[in-house]
Amino acid sequence: MANILKGKVVADSIKENIKENVLKLKAEGISPTLGILRVGKNPDDIAYERSILKNCENVGINGVVYEVKEDITTEELVNKLNILNNDANIHGILIFRPLPKHIDEKLISNTINPLKDVDCMNPLNLEKIFEGNTDGFAPCTPKAAMKILEYYDIPLEGANAVVVNRSMVVGKPLSMMLLSKNATVTICHSRTKNLSKLTNEADIVVTALGRAKFFDEEYFNENSTVIDVGISLDEQGKICGDVNTEIVSNIAKNVTPVPGGVGSVTTSILLSHVIVAINNLK
Ligand code: NAP
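From a predicted model like this one, the values you see are computed outputs, not experimental measurements. (Residues numbered from 1 in each chain as written. Predicted model: local features only at pLDDT ≥ 70, side-chain atom pairs only at ≥ 80, totals over all residues. Heavy atoms only, no water.)

K.L.:
How should the packing of helix H1 (residues 7–27) against helix H2 (residues 43–59) be read in this particular structure?
P.N.:
Two quantities define a packed helix pair, namely the angle between the helix axes and the distance between the axes. Where H1 contacts H2, the two axes come as close as 9 Å, and the packing angle between them is 55°. By the criterion of interaxial angle, the relationship of H1 to H2 is oblique. Between H1 and H2, the residues in contact are Lys15, Ile18, Lys19 and Val22 and Asn55, Asn58 and Val59, respectively. By residue class, the composition of the contact of H1 with H2 is three nonpolar, two polar and two charged. (Axes fitted to C-alpha atoms, helices over the stretch in contact; angles between N-to-C directions. Helix = DSSP H or I, 4+ residues; strand = E, 2+ residues; numbered from the N terminus. Parallel < 35°, antiparallel > 145°, perpendicular 65-115°, else oblique. Contact = heavy atoms within 4.5 Å. Nonpolar A, V, L, I, M, F, W, Y, C, P; charged D, E, K, R; others polar.)

As structure tokens, then:
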């Protein structure tokens, strides 16, 4: 049976570290604050926001929500964002994406202060990931996947890693992060031929398709470490990942669960970035 690489212990260890830092900062008179800029009332954004605020409270970070109307213009949103950029009491800024279609998302990404950009929206931070420069902010989901690998001591140096996703939010930055740890990385996507051959030859497979229980035993072997980033609903409407965990856990060496895997670490990473931002801004 595979080891189930649960995210909660990883998230808890990150949160403990955040709590210690929050106490130190509060003793210095700094009250760590995350500003959340939400456009409209998208239910997914509101659900994620609720979970972030709960976690903020848990670690002693202030979470402040700035809701703006769905039909806000790009110019008005830039102005709102600049207020947060220039507010010394706001240390990290999160903007839910995707933004409504009429908003120039590229302009918004370029406007967010890179020093407060806790979810790596600004291309300047993304560029650093591609340069192997760890000074900036990594996108939270790929970093959560990396933290799980690190926490469970999965060797990366020289390992064959297959990433099944080539998006800018998951696959591309994650591939660069694995590369910077000296893994040999193969990026797969919907046009990849013989996917199961490639995943079977890998030591580590990270999946982020968004297709419920797509990966079965055919894709893995007894040495596979499988990190499942996908989030979908199964036939019963329950949250599940890309991996059919019931079957794959009989075959693979290590598997992350969904829910309770990568997703459960993502918010902790986001909050740890608020602490980094404070140090950036000092
Ligand atoms: P996306 O842009 O749709 O990317 C999906 C990727 O999967 C694409 O690269 C696509 O290839 C590839 N793909 C689709 N079908 C495939 C197939 N049959 N074989 C091989 N590759 C295939 O989605 P995303 O925004 O990156 O998100 C991916 C998943 O991660 C979603 O389930 C999302 O909910 C989840 N997610 C989770 C978190 C978290 O915190 N856990 C955060 C963000 C996203 P092409 O490029 O060729 O289309």
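The rest of the description comes next.
K.L.:
What am I meant to see in the domain arrangement of the protein here?
P.N.:
A common measure of how large an interface is: the accessible area buried when the components associate. According to the domain assignment, the protein consists of domain 1 (29–116) and domain 2 (140–263). Placing a centre on the C-alpha atoms of domain 1 and another on those of domain 2 gives a separation of 29 Å. (Domains from an automatic or database assignment.)

K.L.:
Would you mind showing me how to read the site of the ligand here?
P.N.:
The full set close to the ligand counts 20 residues, and Asn165, Arg166, Ser167, Ser190 and Ile231 are the nearest of them. Residue Ser167 places a side-chain N or O atom 2.6 Å away from an oxygen atom belonging to the ligand. Within the contact set of the ligand, a nitrogen atom lies 3.2 Å away from a side-chain nitrogen or oxygen of Arg211. Isolated, the ligand exposes 930 Å² of accessible area, and the fraction of that covered by the protein chains is 69%. (Near = heavy atom within 4 Å. Polar contact = N/O pair within 3.5 Å; in protein donor to acceptor, adjacent residues only side chain to side chain. Areas by Shrake-Rupley, 256 points an atom, 1.4 Å probe, with all protein chains shown as cover.)

K.L.:
How do you make sense of the sheet that holds strand S8 (residues 225–228) when you look at a structure like this?
P.N.:
In sheet architecture, strand pairing relies on hydrogen bonds along the backbone and comes in two forms, parallel and antiparallel. With parallel pairing, six strands are arranged side by side in an open sheet as S1-S11-S8-S7-S5-S6. Sheet topology places strand S1 (3–4) and strand S6 (184–188) at the edges, where each strand pairs with a single neighbour. Along the sheet face, helix H7 (residues 171–180) touches strand S5 (160–164), S6 and strand S7 (204–207) and points at about 170° away from the line of S5. (Pairing = 2+ DSSP bridges.)

K.L.:
Please clarify how the packing of helix H6 (residues 140–151) against helix H10 (residues 262–281) should be interpreted in this entry.
P.N.:
As a packed pair, H6 and H10 sit with axes 8 Å apart at the nearest point and diverge in direction by 110°. Our classification of the angle between H6 and H10 gives roughly perpendicular. When H6 is examined against H10, the residues Cys140, Thr141, Lys143, Ala144, Ala145, Lys147 and Ile148 are found in contact with a partner set consisting of Val262, Val265, Thr266, Ile269, Leu270 and His273. Split into classes, the residues belonging to the contact of H6 with H10 amount to eight nonpolar, three polar and two charged.

K.L.:
In this structure, what is going on with the sheet that holds strand S3 (residues 62–68)? I would like to understand it.
P.N.:
One open sheet holds the three strands; their spatial order is S3-S2-S4, and the pairing between them is parallel. The two strands at the open ends of the sheet, each matched to only one other strand, are S3 and strand S4 (92–95). The average angle at which neighbouring strand axes cross in this sheet is 20°, direction not considered. The sheet contact formed by strand S2 (residues 33–39) and S3 spans seven bridges and is parallel. Paired with Gly35 across the two strands is Val64, which belongs to S3.

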